[in-house]
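For reference, the chains in residue letters:
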Amino acid sequence: MTFSDDTRQELARVIPSARCCRVAELSAFYELSGFLLGKHNQFLDFNTPSPFVARKILLLLKGLYPDLPTQVLMVRSRSRRSQVCTVRVLGRVPAGQVYQELKDQSVTGETGVPRRKCCRRAYLRGAFLSGGSITNPERTYHLEISTEQSRIAHKILETIISLGLEAGMTQRKGSLVVYMKDGGQIANLLSLMGAHSALLQFENVRVMKEMRNQVNRLVNCETANVDKTVKAALVQLEDIDLIDSVIGLEELPPKLREVARLRREYPYASLQEIGELMTPKMSKSGVNYRFRQIREKARQLDKLDPKY
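Here the structure is a predicted model, which is why all the values come from computation and not from measurement.

1. Examining the sheet that holds strand S7 (residues 132-134)
Line of reasoning, step 1. Strand order in the open sheet formed by 4 strands is S7-S8-S10-S9, with antiparallel pairing between adjacent strands. Of all the strands in the sheet, the pair left with one neighbour each is S7 and strand S9 (168-172). Direction aside, the axes of adjacent strands within the sheet are offset by 25 degrees on average.
Line of reasoning, step 2. In the packing of helix H5 (residues 117-131) onto the sheet, the strands contacted are S7 and strand S8 (143-147), and the crossing angle to S8 comes to about 75 degrees.

Structure below.
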């Protein structure tokens, strides 16, 4: 099973206790995958490919209406690679009762965002179970909820934003997709929806990825510093060899002669390490100044272009 499947199964086991939250979650199921059917609206269907989600829909309905006449249907494709589970409310009056309560829930704004925060969380949970998916965080951070209805897509987006989270919307093959790509934002949404096990796994992966990225940055930085040190040391050795071959290092002032001797003895040492080896010890800037003097002397002898 994928990380997305595990997350859906966990959310399918979350049954809200408040009646308003059950209605809000059922309204998400209806808006994304529900239908009022029959010549006289005698059927109210909730469709889903997941038996776990179908069971949750049935539990939500029975919790709200204990005596509600329902039927669960399962239709498999001929290839048996896909299936549709339908939870059906039977009868015009019961179907109308459920439909009316879904429409009468307390909402705010033109898009119909649930008024209560708890109901917004329940609504997003139902929307994710109906048309959502989340990528394995080992690969990338991406959560999305897809629907063909523009009004519902904007409602989902506004509901996410109303909870203080950031999301975007795009179009893909005739559907509108509400998506999130920031790891921290996705983690917050998982927490709000009640996917705590998925959140723990998601955060563990996120922490490990951050640590690997930090280590890689440090290694790259250290490698760049080493490369810079080696290149500078090679130039300094060339200058020292040139001076030695033309006039001899004995002609240099004692302070310059000391850093030249240490550079030949420790060809790959950093300026700070050279300074630690001197007597008395010298700062990195002081050692660098002496190497610039050596460079200037070599340039005078060979008319080199300055490299510092």
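Structure's up, so let's keep going.
2. Focus: the environment of tyrosine 268
Line of reasoning, step 1. Mapping tyrosine 268 onto the fold places it in the loop between helix H9 (254-265) and helix H10 (271-277).
Line of reasoning, step 2. The class for tyrosine 268 is exposed, based on a relative accessible area of 59%.
Line of reasoning, step 3. Residues tyrosine 268 and valine 226 lie 42 residues apart in sequence; the distance between their C-alpha atoms is 8.8 Å.
Line of reasoning, step 4. Apart from residues no more than four positions distant in its own chain, tyrosine 268 is found in contact with Thr229, Val230, Arg263 and Glu273.

3. As for the environment of leucine 190
Line of reasoning, step 1. With respect to the helices, strands and loops of the structure, leucine 190 is situated in helix H7 (residues 183-193).
Line of reasoning, step 2. Judged by its relative accessible area of 0%, leucine 190 is buried.
Line of reasoning, step 3. Sequence separation of leucine 190 and phenylalanine 202 is 12 residues, and the distance between their C-alpha atoms is 9.2 Å.
Line of reasoning, step 4. Excluding residues within four positions of it along the chain, leucine 190 makes contact with Thr7, Ile134, Leu143, Ala195, Ala198, Leu199 and Phe202.

4. Some points on the nonpolar core
As a rule of thumb, nonpolar side chains are buried together in soluble globular proteins.
Line of reasoning, step 1. Of all hydrophobic cores here, the largest spans 53 residues; its most connected members are Leu26, Phe46, Leu61, Ile156 and Leu190.
Line of reasoning, step 2. The residues touching leucine 26, leaving out its near neighbours within four places in the chain, are Phe46, Ile57, Leu60, Leu61, Leu64 and Leu102.
Line of reasoning, step 3. Counting 17 residues, the second largest nonpolar core, distinct from the first, contains Leu252, Val259, Leu271 and Ile294.

5. Observations regarding the side chain of threonine 135
Line of reasoning, step 1. Residue placement: threonine 135 occurs in the loop between S7 and S8.
Line of reasoning, step 2. Aside from chain neighbours lying at most four places away, what touches threonine 135 is Phe3, Thr140 and His142.

6. Some details on the packing of helix H2 (residues 19-33) against H5
Line of reasoning, step 1. Relative to each other, H2 and H5 sit at 30 degrees, their axes nearing to 7 Å. Pair H2 / H5 crosses with right-handed handedness. On H5, the residues that touch Cys20, Cys21, Ala24, Glu25, Ser27, Ala28, Phe29, Glu31, Leu32 and Ser33 of H2 are Cys118, Cys119, Ala122, Tyr123, Arg125, Gly126, Ala127, Leu129, Ser130 and Gly131.
Line of reasoning, step 2. Considering only residue class, the contact of H2 with H5 consists of 12 nonpolar, 5 polar and 3 charged.

7. Thoughts on H7
Since the α-helix packs 3.6 residues into each turn, any two residues three or four apart lie on the same face.
Line of reasoning, step 1. Of all 11 residues in H7, 9 are buried; the element is thus mostly enclosed.
Line of reasoning, step 2. Restricting attention to buried positions, one finds in H7 the residues Gly183, Gly184, Gln185, Ile186, Ala187, Leu189, Leu190, Leu192 and Met193.
Line of reasoning, step 3. Contacts made by the buried residues of H7 are with helix H1 (3-12), H5, S7, S8, strand S10 (175-180) and helix H8 (196-246).
Line of reasoning, step 4. Of the residues that open H7, the one with a side-chain oxygen 3.1 Å from the backbone nitrogen of glycine 184 is aspartate 182.
Line of reasoning, step 5. Just downstream of H7 lies glycine 194, where phi reads positive at about 100 degrees.

8. Points about the confidence of the model for the protein
Line of reasoning, step 1. Averaged over all residues, the pLDDT of the protein equals 88, while 95% of them reach at least 70.
Line of reasoning, step 2. Below a pLDDT of 50 lies the segment residues 304-308, which in the model reaches 15 contacts outside its immediate sequence neighbourhood of four places, other chains included.

9. Re the packing of H1 against H5
Line of reasoning, step 1. It is at 10 Å that the axes of H1 and H5 come closest, and there the two elements cross at 135 degrees. In terms of their interaxial angle, H1 and H5 are classed as oblique. Note that H1 runs across H5; the crossing there is left-handed. The segment H1 lies against H5, with Thr7, Arg8, Leu11 and Ala12 engaging Arg125, Phe128 and Leu129.
Line of reasoning, step 2. A class-by-class count of the residues in the contact of H1 with H5 yields 4 nonpolar, 1 polar and 2 charged.

Conventions and cut-offs
For every chain, the first residue of its written sequence is number 1, and the numbers climb from 1 along that sequence. Thresholds applied to this predicted model are a pLDDT of at least 70 for local features of residues and 80 or more for the giving and counting of side-chain atom pairs; totals over whole chains, interfaces and linings are not thresholded and use all residues. As a convention, hydrogens and water are excluded, and side-chain values are obtained from all of the structure's heavy atoms. We treat two strands as partners when DSSP finds at least two bridges between them. Numbering of helices and strands starts at the N terminus; helices are DSSP runs of H or I of at least 4 residues and strands are runs of E of at least 2. Axis angles are defined between N-to-C directions and span 0 to 180 degrees, where every axis is a line fitted to C-alpha atoms and, for a helix, only to the segment in contact. Two residues form a contact once any of their heavy atoms are found within 4.5 Å. For every residue, the accessible area (1.4 Å probe, protein chains only) is compared with the maximum for its type, and the residue is labelled buried under 20%, exposed over 50%, or partly exposed between those bounds. Residues belong to a common nonpolar core when they are buried Ala, Val, Leu, Ile, Met, Phe, Trp, Tyr or Cys residues joined through side-chain atoms within 4.5 Å. Should the near helix be turned anticlockwise from the far one by less than a right angle, the crossing is termed left-handed; should it be turned clockwise, right-handed. Lys, Arg, Asp and Glu make up the charged group, whereas Ala, Val, Leu, Ile, Met, Phe, Trp, Tyr, Cys and Pro make up the nonpolar group; the residues left over, Gly among them, are polar. By the criterion applied in these results, polar contacts are pairs of N or O atoms within 3.5 Å in which, for protein atoms, one can donate a hydrogen and the other can accept it, and in which residues neighboring in sequence qualify only through two side-chain atoms. Confidence of the predictor at the level of single residues is given by pLDDT, which spans 0 to 100. If an angle is under 35 degrees, it is roughly parallel; if it is over 145, roughly antiparallel; if it lies from 65 to 115, roughly perpendicular; otherwise it is oblique.

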